[in-house]
Amino acid sequence: MKPKKENKRGGAIVSLIVGIIFVLLAIMCFIGDMDYLLGGKAKDLNEIAANVRPQKDDHVRTDSYLVLGNFAETQHKINGIIPVGKEQHYAIVLGDDSMTDISEAKVIVLTVKNKKTIEKLDELANDDNANFSDAIAIEGQIRTLDPEIEGYYRDALASSGITDYCDYYTVAVDATQTRLFGWLLVIGVLAIGVLCIVAFAKINKQIKNEKNLAYTNATPAMGQPGNPYVNPVTGQPYDAGVVNPVTGQTYNQTPDGTSSVPYTPGQNTDNTPYS
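Calculation rules
- Residues numbered from 1 in each chain as written.
- Predicted model: local features only at pLDDT ≥ 70, side-chain atom pairs only at ≥ 80, totals over all residues.
- Heavy atoms only, no water.
- Core = buried A, V, L, I, M, F, W, Y, C linked by side-chain atoms within 4.5 Å.
- Buried < 20%, exposed > 50% of the residue type's maximum accessible area, 1.4 Å probe, protein only.
- Helix = DSSP H or I, 4+ residues; strand = E, 2+ residues; numbered from the N terminus.
- Contact = heavy atoms within 4.5 Å.
- Salt bridge = Lys/Arg side-chain N within 4 Å of Asp/Glu carboxyl O.
- Pairing = 2+ DSSP bridges.
- Axes fitted to C-alpha atoms, helices over the stretch in contact; angles between N-to-C directions.
- Expected span 1.5 Å × (residues − 1).
- Arc of directions from axis to C-beta.
- Polar contact = N/O pair within 3.5 Å; in protein donor to acceptor, adjacent residues only side chain to side chain.

Asks: Any chance you could explain the nonpolar core here in plain terms?
Replies: One broad trend across soluble globular proteins is that nonpolar side chains are buried collectively. The biggest cluster of nonpolar side chains holds 22 residues, and the ones touching the most others in it are Tyr90, Ile92, Leu94, Ile108, Leu110, Leu121 and Val173. Elements that contribute at least two residues to this core include exactly helix 3 (45–49), strand 4 (82–94), strand 5 (106–112), helix 4 (115–125), strand 6 (136–144) and strand 7 (167–174). Apart from residues lying up to four places away in sequence, Ile108 is in contact with Leu45, Pro54, Tyr90, Ala91, Ile92, Leu94, Ile142, Tyr153, Tyr169, Val171 and Val173.

The following block contains the structure:
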């Protein structure tokens, strides 16, 4: 088993590495959505759909009143047991009040979890007389579909027969990816990184304090600091026959070459106590 100090040192290094990774991740998340996070407007999905296919990660907005219905639900659980939320998946038709032919329309998936939005979508799905004045404003980020959800989506479209009249996209407008969510994600990831770096600094400081304390405890206070007759680590007199590295003489000799005795704490070299 490694000494406790080494374990602390390893933990400090791990904290530093994890902290740096999370800080870099927060920076990447911010840079990737910087325009949108700083107040940029989401792109008009109807305009995009009229020319090209929606691109993954684009922030888009649209108004829709043609809701085909809810075709799937995603439940999130911790360890497959504890529920932590769920999302509803709807098939909606893109298009504004200028659309004159159903063949011009495009179907796309809408992923939501806001209860009020879900209630409004259910109302529109059950209202055969809904028109553009009843449309619901939608804003989110384009996401790829989970293979299982995509399977349910294709089955629902095939059952409704809508694909006989118009095209559809196999991507989703994820309305859970709001500007607020983006900021919370960046700040949350950054906070984890900063906490890990602070933990590194704290552990490192503890290690240094413990090292200094151990050195202090191992070096007893001396009555005569720096006395060449005393071992500064043990606090004990040197052997009388050992050469003093300061004077070049053995410890039983005085500087004038006369015989002496090893230094004893609390006494002069002639064995008389200090006055």
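Moving on from the model shown.
Asks: Is there a simple way to think about the pattern of salt bridges in this case?
Replies: Between side chains of opposite charge, a pair can form as their charged atoms come close. All told, the structure shown has five salt bridges when counted by the stated rule. The partner of Asp58 in a salt bridge is Lys43, with the nearest N and O atoms 3.4 Å apart. In this pair, Asp58 is assigned in the loop between helix 3 and strand 2 (59–64) and Lys43 in strand 1 (residues 43–44), connecting sequence segments 15 residues apart. Lys43 gets classed as partly exposed once you look at its relative accessible area, which sits at 44%.

Asks: Would you explain the sheet that holds strand 4 in this entry?
Replies: Pairing between the strands of a sheet comes from backbone hydrogen bonds, and it takes one of two forms, parallel or antiparallel. One open sheet holds the seven strands; their spatial order is 1-2-6-7-5-4-3, and the pairing between them is mixed. Edge positions in the sheet fall to strand 1 and strand 3 (66–78), since each of these pairs with one other strand and no more. In this sheet, strand 7 lies alongside strand 6 in antiparallel orientation, the contact comprising four bridges. Considered in strand 7, the bridge of Ile142 is made with Val173. Where helix 5 (residues 147–160) meets the sheet, its contacts fall on strand 3, strand 4, strand 5 and strand 7, and the angle it forms with strand 3 comes to roughly 160°.

Asks: Got a minute to help me understand helix 5 in this structure?
Replies: Structurally, the α-helix is built with 3.6 residues per turn, so residues lying three or four positions apart point the same way. Between its terminal C-alpha atoms helix 5 stretches 20 Å, which fits the 20 Å expected from 14 residues at 1.5 Å a residue. What helix 5 keeps buried is the set Ile149, Tyr153 and Leu157. For helix 5, the angular spread of buried residues about the axis comes to 70°, placing them on one side. Residues Pro147, Glu148, Asp155, Ala158 and Ser159 are exposed on helix 5 and point more than 90 degrees away from its buried face. The secondary structure elements touched by the buried residues of helix 5 are strand 3, strand 4, strand 5 and strand 7. Sitting at the amino-terminal end of helix 5 is Asp146, which places a side-chain oxygen 2.9 Å from the backbone nitrogen of Glu148. Backbone geometry just downstream of helix 5 places Gly161 in the positive-phi region, at approximately 80°.

Asks: So what exactly am I meant to see when it comes to helix 4 here?
Replies: When helix 4 is considered as a whole, its buried residues turn out to be Ile118, Leu121 and Leu124. Down the axis of helix 4, the buried set is contained in an arc of 125°. They therefore lie on one face. Turned more than 90 degrees away from the buried face of helix 4, the exposed residues are Lys115, Lys116, Glu119 and Glu123. Looking at the buried positions of helix 4, the neighbouring elements they touch are strand 2, strand 3, strand 4, strand 5 and strand 6. Sitting at the amino-terminal end of helix 4 is Asn114, which places a side-chain oxygen 3.0 Å from the backbone nitrogen of Lys116.

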